[in-house]
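An overview of the molecular structure
The lines below spell out each chain.
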Amino acid sequence: MSITKKIYLYFPKSETEKPIVYQLVKDFNLIINIFRAKVTPEEEGYLSLDVTGQEADIERAFAYLSTLEVVIHVGNKGLRWDAERCTHCGACVVHCPTGALAFADTATRRLAFTEDVCVECHACIPACPFGACSSSF
Amino acid sequence: MIFVILFAGTRTMSKSYQSINEKIAAGKAVVLTAEEVIDYVDRKGLEAAAKEVDVVTTATFGPMCSSGCFLNFGHSKPKMRITEAWINDVQAYCGIAAVDVYLGATQLRHNDPANMYHPGEFRYGGGHVIEELVAGKKVQLFALSYGTEDYPRREIRTMVAIDDLNQAIMVNPRNCYQNYNVAVNLSDKRIYTYMGILKARLRSMTYSSAGQLSPLLNDPLYQTIGVGSSVWLAGARGLVYSQGTQHTSLVERSENDVPVEGAGTLALSANMKEMLPEFVRGVSLQGYGVSLALGVGVPIPILNVDILRRTTVRDSEIYATVMDYSEDYPQKTGKTLGRFSYAELRSGQVELLGKKVPVTSLSSYYKALRICELLKAEIQSGSFLLSEPSQPLPAAQAMRGLECVGPER
Ligand code: SF4
Ligand code: SF4
């Protein structure tokens, strides 16, 4: 049975020239869905993606990535929402295109972040006056 | 004549501050939040509810730019008469006594490029220093002086926390705006304002009020809130020390006397050492500047039926006026675009100029509700007593503008 994992790859300068995505597809039979990427030769970069495949293949892929000095954040997206800093003001709501940041309860107007729907557009970062939204990198 | 007054007195319930405080001290006061009182009166009827309810708690949480604090650092050895000071690189005003300074919420950090590369980020300023002080963090004091015979020292650089200071007193000339504008942007490009980022061509709308929870919307004619009233300022026991700056009572009001624009304001003060960090938060408004968000709670004593009736005001009965912040607000044209109730605004979408517009807020209803509950608990436990104002807020005061006439010749 195939599973999907959200991963975040952070590339130090030394690793940006390796064709990592190609290898994930070819050597480990993974299906890749990239949300956000910044990979420029000779600069550090990052890739935010979903990988879908057999659990064993994913494990092997992670083992391969770990040999490349690539930092992996499983289930962690490029947008960090700090529940402690959030004041539930709602200033981010109209700026979030997917409803990842939305009021979870119309009576108390508590705001909630639904990571699964976040596409990491980062529109909420400048819109939040309280610094509750930040980039993971 | 006397007979008539006596007759009215037997028919209509009335209570005194003293009798309410006695009930609070005995732990027997009946306290409801501004939200709970709506249903309660619906169920019980005004007359019966007015007999039972002693206090209604109101609150608001949002950016309040006209805020700041007086700090007294104590004397160094040798002594210094501070003439310039920076706290975490944010400049404080020193034109007062030797080691007193005033730190304002909207002061930028030294060397902040502001809007030089528009829109500026404004990550840190006076509001953030105040947040860190209240959170108990150490901050850097850097101070200069020209030196005098009695105050010879010319420079200090040291780290201090709020507990090291003699006093840290928040003194805010304008908090708790009674009501507020709703902001939109009709221009072709996005704009950066104190009402947040406003999307171009009417694609977003921002309001900033706690609506039915907000203190002065529950006491629209200032029958109980006045100079000397006890307030809950970020968890500390504070007071209204004056009318707030720009307090304007002669404004357009709905039939229920609730203003449909800015109107009344309060000047508040409290001891910062008693504040809760959760309700003192630095604010960064991209392209605009820094500020401070504060939580304020105000208890309303239910002295009579009329005062109770006014606390039952609900979001659907409170209206706010929409203004274009790309043109009409900055140019002061006086033009407004429409009016919506807070119930409509909170629905998340309204229709304006034939367009469906997504609505957002800068004021936190969630935190305001929490403050209503916290203040209610303090009053119920007998630890928060009310105080009768020594002066009412001005009831017939208009707003002045500034005439720019050039230098006198
Ligand atoms: S990054 Fe984009 S999608 Fe994700 S929460 Fe922020 S605004 Fe919404
Ligand atoms: S703008 Fe920031 S503080 Fe306000 S609700 Fe969104 S994440 Fe929370």
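Reading the values: the criteria
Note that residues are indexed from 1 along each chain, following the sequence as it is written. To label them, take the chains in the order written and letter them from A, then take the ligands in the order written and number them from 1. Only residues with pLDDT of at least 70 are given local features in this predicted model, and only at 80 or more are side-chain atom pairs given and counted; all residues enter the totals for whole chains, interfaces and linings. The side-chain figures draw on all heavy atoms in the structure; neither hydrogens nor water molecules are used. Runs of H or I in DSSP of at least four residues are treated as helices and runs of E of at least two as strands, each being numbered from the N terminus. Three labels apply to residues, based on accessible area from a 1.4 Å probe with only protein chains included: buried if under 20% of the type maximum, exposed if over 50%, partly exposed otherwise in between. For this analysis, residues touch if any pair of their heavy atoms sits within 4.5 Å. In short, Shrake-Rupley with a 1.4 Å probe defines the accessible areas, and a residue's cover is counted only from the protein chains shown. For two strands to pair, DSSP has to find at least two bridges joining them. Angles here are taken between N-to-C directions and fall from 0 to 180 degrees, while the axes themselves are lines fitted to C-alpha atoms, restricted in helices to the stretch in contact. Being near a molecule or strand, for a residue, means having at least one of its heavy atoms within 4 Å of it. Polar here means any residue outside two lists: the nonpolar Ala, Val, Leu, Ile, Met, Phe, Trp, Tyr, Cys and Pro, and the charged Asp, Glu, Lys and Arg; Gly therefore counts as polar. Defined here as a combined quantity, buried area equals the accessible surface (1.4 Å probe) lost by two parts on assembly, summed across both. By convention in these notes, a salt bridge is any Lys or Arg side-chain nitrogen within 4 Å of a carboxyl oxygen on Asp or Glu. Between N or O atoms, a polar contact is any pair within 3.5 Å; within protein, one atom must be a potential hydrogen donor and the other a potential acceptor, and residues adjacent in sequence are included only when both atoms are from side chains. Take the far helix as your reference; a near helix turned counterclockwise from it by less than a right angle gives a left-handed crossing, and one turned clockwise gives a right-handed crossing. As annotated, the domain borders come from an automatic or database domain assignment.

As for the overall build of chain A
Scanning chain A from N- to C-terminus turns up 3 helices and 8 strands. In chain A, the succession of helices and strands from N to C terminus is β-α-β-β-α-β-β-β-β-α-β. A burial count over chain A gives 42% of its 137 residues as buried. When contacts within chain A are restricted to residue pairs at least 6 apart in sequence, those whose partners lie at least 24 apart make up 66%. When the accessible surface of chain A is totalled, it reaches about 6900 Å², and 53% of it is carbon and sulfur.

Here's the deal with the sheet that holds strand 4 (residues 84-87) of chain B
All names here are of chain B. What the 4 strands build is an open sheet, ordered 5-4-7-8; its pairing is antiparallel. The open sheet has two edge strands with one neighbour each: strand 5 (90-92) and strand 8 (155-160). Sheet twist, expressed as the mean angle between neighbouring strand axes with direction ignored, is 25 degrees. The pairing of strand 7 (residues 139-144) with strand 8 spans 6 bridges and is classified as antiparallel. Counterpart to Ala 143 in the pairing with strand 8 is Ile 156.

Overview of the site of ligand 1
Taken together, 13 residues form the shell around ligand 1, and within it A:Cys96, A:Cys118, A:Cys121, A:His122 and A:Cys124 come nearest. Considered class by class, the residues forming the shell around ligand 1 number 10 nonpolar, 2 polar and 1 charged.

Focus: the interface of chain B and chain A
With 26 residues of chain B at the interface, the matching set in chain A holds 21 residues. Buried area between chain B and chain A, summed over both chains or domains, comes out near 1800 Å², and the portion from carbon and sulfur atoms is 56%. If you look at where chain B meets chain A, you find 1 salt bridge. Here A:Arg85 ties to B:Glu131 by a salt bridge, and the two come within 3.3 Å at their closest N and O atoms. The tally of links from chain B across to chain A stands at 11 residue pairs in polar contact (both at pLDDT 80 or more). Taken together, the elements giving at least two residues each to the side of chain B that touches chain A come down to strand 17 (280-285), strand 22 (355-361) and helix 10 (365-380) of chain B. Per-element accounting of the side of chain B that touches chain A gives the leading share, 5 residues, to strand 17 of chain B. In the side of chain B that touches chain A, the residues fall into 12 nonpolar, 8 polar and 6 charged.

Some points on the site of ligand 2
Around ligand 2 sit 14 residues, and of these A:Cys86, A:Cys89, A:Gly90, A:Cys92 and A:Cys128 come closest. Taken together, the residues of the shell around ligand 2 break down into 11 nonpolar, 3 polar and no charged.

Remarks on the pattern of salt bridges
Using the criterion set out here, one finds 21 salt bridges over all chains in the structure. In the salt-bridge network here, residues are joined through shared partners; they are B:Asp257, B:Asp306, B:Arg309 and B:Arg310.

Remarks on the packing of helix 1 (residues 20-28) of chain A against helix 2 (residues 55-66) of chain A
Residue and element names in this part refer to chain A. It is at 10 Å that the axes of helix 1 and helix 2 come closest, and there the two elements cross at 145 degrees. Viewed along their axes, helix 1 and helix 2 form a crossing whose handedness is right-handed. Within the contact between the two elements, helix 1 uses Ile 20, Gln 23, Leu 24, Asp 27 and Phe 28 and helix 2 uses Asp 57, Arg 60, Ala 61, Tyr 64 and Leu 65. The class makeup of the residues in the contact of helix 1 with helix 2 is 6 nonpolar, 1 polar and 3 charged.

A closer look at the domain arrangement of chain A
Residues and elements named next belong to chain A. The domains assigned to chain A are domain 1 (2-74) and domain 2 (79-135). Residue-level contacts link 5 residues of domain 1 with 5 residues of domain 2. For the pair domain 1 and domain 2, the two sides together bury roughly 430 Å², of which 38% comes from carbon and sulfur. Taken together, the links from domain 1 to domain 2 amount to 0 salt bridges. Residue assignment for the side of domain 1 that touches domain 2 shows that the elements contributing at least two residues are strand 1 (2-11) and strand 2 (31-38). Looking at side-chain class alone, the side of domain 1 that touches domain 2 contains 2 nonpolar, 1 polar and 2 charged residues.

Quick word on unusual backbone geometry
Residue and element names in this part refer to chain B. The omega torsion of the bond from Lys 77 to Pro 78 falls at -10 degrees, within 30 degrees of zero and hence cis. Structurally, Pro 78 is set in the loop between strand 3 (68-72) and strand 4. Looking along the chain, the bond that leaves His 118 and enters Pro 119 is cis, with omega of -5 degrees. Following the sequence through the fold, Pro 119 ends up in the loop between strand 6 (100-104) and helix 5 (126-134). Not every positive phi belongs to a glycine, and Phe 122 is a case in point at roughly 50 degrees.

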